[in-house]
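# Architecture and fold: a report
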Amino acid sequence: MVNKVILVGNTGQDPEVRHLEGGVSVANFNLATSETYKDKNGEKVTQTEWHRIVLWRGLAEIAEKFVKKGQLLYIEGRLRTRSWDDKEGVKRYTTEVFADVMRMLGKRGEEDYPSEEPAKKQDEPDLSKEEQDDLPF
């Protein structure tokens, strides 16, 4: 079974961050994704979908410091649906994206983003010049 969501969109507001017992942080915000197409009359139409994003622990702390309303984000995660009874006793449902990956998109230097060091592949040896000279080919 696969439950995987990938979204690229703009934040609808600054993240709302709560700090739970034990120091665990959780952030919530809405993310808008848009699709533009031409209708049967040739008119340009933009359809926007809103997604509720949930970030936990380290990602929540990063969002609290760096994510602002209107920011372009890449989100990767899984869908979770929960239910509750409202004041009138009616069962309500919501579906949220529990994010595992968040990347801030856009031009560097425009925002105060945390630096991202490229990950070194573990299966690639780091050959110095001397080691390269000893290769048999």
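Residues numbered from 1 in each chain as written. Predicted model: local features only at pLDDT ≥ 70, side-chain atom pairs only at ≥ 80, totals over all residues. Heavy atoms only, no water.

## Details of the overall build of the protein
Filter applied, for reference: Elements are defined by DSSP. Helices are runs of H or I of four residues or more, strands are runs of E of two residues or more, and each kind is numbered from the N terminus. The buried label goes to any residue with under 20% of its type's maximum accessible area, the exposed label to any with over 50%, and the partly exposed label to all in between, with areas taken from a 1.4 Å probe on protein chains only. By definition, residues are in contact when any of their heavy atoms lie within 4.5 Å. Here the accessible surface of atoms and residues is derived via Shrake-Rupley with a 1.4 Å probe, and residues count as covered only by protein chains that are part of the display.
For the protein, the helix and strand inventory stands at two helices and six strands. Traced from its N-terminal end to its C-terminal end, the protein shows the element sequence β-β-β-β-α-β-β-α. Counting only residues that meet the buried cut, the protein has 27% of its 137 residues in that class. Looking at the protein alone, contacts between residues at least 24 apart form 54% of all its contacts between residues at least 6 apart. For the protein, the accessible surface area stands at approximately 10600 Å², while carbon and sulfur atoms represent 48% of it.

## Examining the environment of Ala99
Relative to the helices and strands, Ala99 resides in strand E6 (residues 91-104). Not counting residues within four places of it along the chain, the set of residues in contact with Ala99 comprises Ile53, Val54, Leu55, Leu59, Ile75, Glu76 and Gly77.

## Some points on the environment of Glu76
Operational definition: Pairs of N or O atoms within 3.5 Å make up the polar contacts considered here, provided that, within protein, one atom can donate a hydrogen while the other can accept it, and that residues adjacent in sequence are counted only when both atoms are side-chain atoms.
Turning to its location among the elements, Glu76 is positioned in strand E5 (residues 72-85). Given a relative accessible area of 16%, Glu76 falls into the buried group. Along the primary structure Glu76 and Ala99 are separated by 23 residues, whereas in three dimensions their C-alpha atoms are 5.5 Å apart. When residues no more than four places from it in sequence are discounted, the contact partners of Glu76 are Lys4, Val5, Ile6, Ala99, Asp100 and Val101. In this structure the side chain of Glu76 is engaged in a polar contact, spanning 2.3 Å, whose partner is the side chain of Tyr74.

## Observations regarding the nonpolar core
One broad trend across soluble globular proteins is that nonpolar side chains are buried collectively. Here is the rule we go by: Definition used in this section: a nonpolar core is a set of buried Ala, Val, Leu, Ile, Met, Phe, Trp, Tyr and Cys residues joined via side-chain atoms within 4.5 Å.
Counting 17 residues, the largest nonpolar core has Ile53, Leu55, Leu73, Ile75 and Met102 as its most contacted members. A per-element tally of this core places E6 first, with four residues. Those residues within four positions of Ile75 in sequence are excluded, and the remaining contacts are Val5, Ile6, Leu7, Phe29, Leu31, Ile53, Val97, Ala99, Val101 and Met102.

## Here we look at the confidence of the model for the protein
A low pLDDT score tells you not to read the predicted coordinates there in detail. Basically, it comes down to this: Per-residue confidence from the prediction method is given by pLDDT, with values spanning 0 to 100.
The predicted model of the protein averages 83 in pLDDT, with 77% of residues at 70 or higher. Predicted confidence is poor over residues 111-137, with pLDDT under 50, and the contacts of this stretch with residues over four places away or in other chains come to 15 contacts.

## Brief notes about the pairing of E5
Heads up, the condition is: We call two strands paired when DSSP finds no fewer than two bridges between them.
Here six bridges tie strand E1 (residues 5-11) to E5, and the two strands are oriented antiparallel to one another. Its bridge partner being in E5, Ile6 is matched across the sheet by Glu76. Examined bridge by bridge, E5 and E6 share 13 bridges and lie antiparallel to one another. The partner of Gly77 across the bridge, within E6, is Ala99. With antiparallel pairing between neighbouring strands as the criterion, E5 and E6 make up a hairpin whose turn holds five residues, including Gly89 at a positive phi of roughly 85°.

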